[in-house]
Amino acid sequence: MLYDLNVPWPVNNYHTKPNQNELNNLKNTIVTLHTLGYTHIAINFQINESIKVPLNQTQLINPIDIDLLKLELSKFPSLKLFTRITIVIYDPAKLQGLTKIQSQFDILAIQPLTEKALQMCVTNLDIDLISFNLGSKLAFYLKHKTIGSAVDKGIKFEICYNHLISGSIGITNSATNPVENLAFVKKNFFNNVLQLIRSSRSKGIIISSGANLPLQARNSEDILILLKTLGLDQSRAKGCITVNPERVLVNGRLRIKSFKQTILVDNSSSSNTLTNNDKEDPNKKSDANVYKKRLDDSSSGRLLKKQRKN
Amino acid sequence: MVRIKHRYILFEVLYPPTKSGEDSETFSNSQVDALLTLHQSSPSTINGKLIVSILRKSIQTYYGDQGAGTAAVSTIVKYWSNKTSTGIIRCDRSAVQMVVGALTLIDKLDNQNIIIRCTHISGTIHKCEEYSIRKSKELIRLINKQTSKQKNVSNFLQSLQEGTNINVSDKDDDDDDIQGDDE
């Protein structure tokens, strides 16, 4: 099982809806990733902190039409789709209504742009994932102490490799992007990845594609080898695409599926509820009925009923 | 005597759907559509020579003169099949990470957008060959299974069956195996 927790949703606000072309493109990207071996894919809705979330209308908080996508991709039985929200924050004080947002998405990620925001994500907020914009120069220095405490808490850090493959210099010269600009993006990417690997000591890193186009999808093993040349720990590398993202997903889904992240009601005997969402009803989180079971449904329950009757 | 040790990298070239082309509509319809779009036969303009020159350029771009001097010099394409878009690259044992890294970062061959996927790395070319044959058989089986109801099996399937017969070390008996396999 391979995980890719970042396939961007084409729209970054609540006003516009993606058009058919963009949706097609999204589907194609997902299918390409799936053919490359990824089974659990999260669609990422990224918003700025200034965008107002419709907190009062819970059904509008998540704009990703996951049911439609699942229906259209039903020919791919082993594909599992999840939703994720990434909030870009400058000023941590502006962040409000996080719990309401949390309950509508499978994964909650934060992209801090200042050191203060990062500090706050690590200490105060209950989140699953911290991501950085690796294509631009980070405004602050990543300290081992901060990153280490986040990793101890179970928060993971994301390396998104789409900056690296959005047209390569020397080999392709795309007309829209100036070559120097691209070169800077890649330089920044390498620099930031090195910083992240150094400050986290290769622990708690997840690798995701962030692919806007099917072209940007890559084989996971190849990306691992590429990152190993940058100094990612050999023995921990494999976990970056298997164990760590699974933990993020389980962590995020425990929040919405369990009581205080400790007790989980699971009636399906064989499948794992947390990484499997086949029988999920659309407004899952607030409604526990799907996860309740009548006494008659289980063998021990029927026995109990019989005894009571007697 | 100690011999020079190499690594053989088995790679395949995948063709992702374009943003506005015809295939972008049908691509996500079924598994077979996706597989057949990604695994296409390559045009004859793509050959081993082109791949190695692009690869060397990529190594030069990302790993600089040092990479070009150490990794790129010893790298050659040992095998390339247009029919199946699969190939084997031989490189120095110490340079394998650099070569795979540079291969991953290639996104264009002969003005066509592509994804290069390294499926197997091995010390002998024979193992790469075996792996490739096994994977192709699996692919054929998968596509056959899915298309048993439909009738429009693409030409690619046929070329895949023919192309699986890798001629690196003159293995001729493979073709029979595959033919027997899907009947």
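Criteria and cut-off values
- Residues numbered from 1 in each chain as written.
- Chains lettered and ligands numbered in written order.
- Predicted model: local features only at pLDDT ≥ 70, side-chain atom pairs only at ≥ 80, totals over all residues.
- Contact = placed C-beta atoms within 7 Å.
- Helix = DSSP H or I, 4+ residues; strand = E, 2+ residues; numbered from the N terminus.
- Nonpolar A, V, L, I, M, F, W, Y, C, P; charged D, E, K, R; others polar.
- pLDDT = per-residue confidence, 0-100.
- Pairing = 2+ DSSP bridges.
- Axes fitted to C-alpha atoms, helices over the stretch in contact; angles between N-to-C directions.
- Buried ≥ 20, exposed ≤ 12 C-beta atoms within 10 Å, placed from the backbone.
- Right-handed = clockwise from strand over helix to strand, strands pointing away.

Novice: Please provide a residue-by-residue account of the interface of chain B and chain A, values included.
Specialist: Contacts between chain B and chain A engage 30 residues on the former and 33 residues on the latter. Contributing elements (two or more residues each) for the side of chain B that touches chain A: α1 (23-26), α2 (31-38), α3 (48-72), α4 (96-104) and β6 (115-122) of chain B. Sorting elements by how many residues they give to the side of chain B that touches chain A places α4 of chain B first, with 5 residues. Class assignment for the residues of the side of chain B that touches chain A results in 13 nonpolar, 11 polar and 6 charged.

Novice: So, the confidence of the model for chain B: which residues are in play, and what are the values?
Specialist: All names here are of chain B. For chain B, per-residue confidence averages 77 on the pLDDT scale, and 77% of positions sit at 70 or higher. Confidence, expressed as mean pLDDT per element, reaches its minimum in chain B at helix α7 (residues 174-182) with 38 and its maximum at strand β1 (residues 6-14) with 89. Confidence drops under a pLDDT of 50 for residues 169-183, and excluding neighbours within four residues, the segment shows 14 contacts in the predicted structure. Across the interface, the model reports ipTM at 0.74; the global pTM reads 0.75.

Novice: Report on the sheet that holds strand β2 (residues 76-81) of chain B, specifying residues and quantitative values.
Specialist: Strand-to-strand pairing in sheets goes through backbone hydrogen bonds, with the strands running parallel or antiparallel. Residues and elements named next belong to chain B. The strand order β2-β3-β1-β6 describes an open sheet built from 4 strands, whose pairing is antiparallel. With one partner strand each, in any of the chains shown, β2 and β6 form the two edges of the open sheet. For this sheet the average axis-to-axis angle between neighbouring strands, irrespective of direction, equals 25 degrees. Note that β1 and β6 share 7 bridges and pair antiparallel. The residue of β6 that forms the bridge with L10 is H120.

Novice: Would you mind going over the sheet that holds strand β6 (residues 156-160) of chain A in detail, with residue names and values included?
Specialist: All names here are of chain A. Read across the open sheet, the 7 strands follow the order β1-β2-β3-β4-β5-β6-β7; overall the sheet is parallel. With partners counted over all chains shown, the strands left at the sheet margins are β1 (2-8) and β7 (205-208), one partner each. Shown here is a sheet whose adjacent strand axes are inclined to one another by a mean of 30 degrees, direction ignored. Bridge analysis of β6 against β7 gives 4 bridges, and the strand direction is parallel.

Novice: Describe the pairing of β6 of chain A, and please don't skip the residues or the numbers.
Specialist: All names here are of chain A. The element β6 is extensively covered by neighbouring structure, given that 5 of its 5 residues are classed as buried. Burial along β6 is two-sided: K156, E158 and C160 facing one way and F157 and I159 facing the other are all buried. Viewed along the sheet, the connection from strand β5 (residues 129-131) through helix α6 (residues 144-153) into β6 turns out right-handed.

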